[in-house]
Amino acid sequence: DAVVIRARRERCALRQSPDAPQQPIRTPSHPARIAVMLSTSVEESGFVLRTLDDAWGGRAGAPSIRVRAHPAIPLSAGLRRAGSLRLDVNTGAACSLDETWSWADLVVYSSSTLGLEAVHRGIPVVFLDAGGFLSLDPLFACGALRRTAHDGQSLRQAAEDLLCLPLERVEVERREARIFSE
């Protein structure tokens, strides 16, 4: 906990906008809009993209997905690693991070600290666990506005659970997530 607390105080994850207001509560779009934050390695990017494809590739009513690559790891490398995908991947390259936050109903991440910024803004997140020996989840101790998935089926279920939360529960989890992220 001490390391996590120190990291939050230094605002390493909230580098874009540490005092950002929460996004307004809104009914999720139909189809849902999911922002995917890639980071750490080409292998992880490939895993995340394949899992997204397993979850929604070729399915009717699939969400609109906007993928943001890590600045140091080209999306093209992750796409090559993932192989053939049925999913239509929007890179969101022309969008700022703030525009992505405003657009997203949900964020999927595997190790990116942008998951912390998302819950800080009141946007629900799904941690996609790549199954490493050590968890890379910067939100490992946060249960609010966050679910965990391991594969395509559990990713679909976690997204549905978060997007269908009753308004009262959303308000409670947003408060808890904001306290955790500050």
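It should be noted that the structure appears before, not after, this text.
First, a word on what this report is: a plain description of the structure on this page. These figures come from a predicted structure and were not determined experimentally.

1. Examining the overall build of the protein
Then comes step 1: When helices and strands are counted, the protein shows 7 helices and 5 strands.
Then comes step 2: Along the protein, helices (α) and strands (β) appear in the sequence α-β-α-β-α-α-β-α-β-β-α-α when read from the amino end.
Then comes step 3: Expressed as a percentage of the 182 residues in the protein, the buried residues total 47%.
Then comes step 4: Put simply, of all contacts in the protein between residues at least 6 apart along the chain, 70% involve residues at least 24 apart.

2. Thoughts on helix α3 (residues 75-82)
Then comes step 1: Among all positions in α3, only Leu75, Ala77, Gly78 and Ala82 are buried. The buried side chains of α3 occupy one side of the element, clustering within an arc of 160° when seen end-on.
Then comes step 2: Contacts made by the buried residues of α3 are with α2 (42-56) and β2 (64-68).
Then comes step 3: Phi turns positive, to about 85°, at Gly83, one or two residues after α3.

3. Describing the environment of Ala77
Then comes step 1: Here Ala77 is to be found in helix α3.
Then comes step 2: Once the C-alpha coordinates of Ala77 and Gly46 are considered, the two residues, 31 residues apart in sequence, prove to be 8.1 Å apart.

4. Quick look at the pairing of strand β3 (residues 106-109)
Then comes step 1: Across the two faces of β3 the burial is the same, with Leu106 and Val108 and Val107 and Tyr109 all buried.
Then comes step 2: Of the strand pairs in this sheet, strand β1 (residues 33-37) and β3 are connected by 4 bridges, and their pairing is parallel. Across the sheet, Ile34 pairs through a bridge with Leu106, a residue of β3.
Then comes step 3: Pairing analysis gives 3 bridges linking β3 to strand β4 (residues 125-128), with the strands arranged parallel. Directly across from Tyr109, in β4, lies its bridge partner Phe127.
Then comes step 4: Considered for its hand, the β-α-β crossover made up of β3, helix α5 (residues 114-120) and β4 is right-handed.

What counts and how
Residues numbered from 1 in each chain as written. Predicted model: local features only at pLDDT ≥ 70, side-chain atom pairs only at ≥ 80, totals over all residues. Heavy atoms only, no water. Helix = DSSP H or I, 4+ residues; strand = E, 2+ residues; numbered from the N terminus. Buried < 20%, exposed > 50% of the residue type's maximum accessible area, 1.4 Å probe, protein only. Contact = heavy atoms within 4.5 Å. Arc of directions from axis to C-beta. Pairing = 2+ DSSP bridges. Right-handed = clockwise from strand over helix to strand, strands pointing away.

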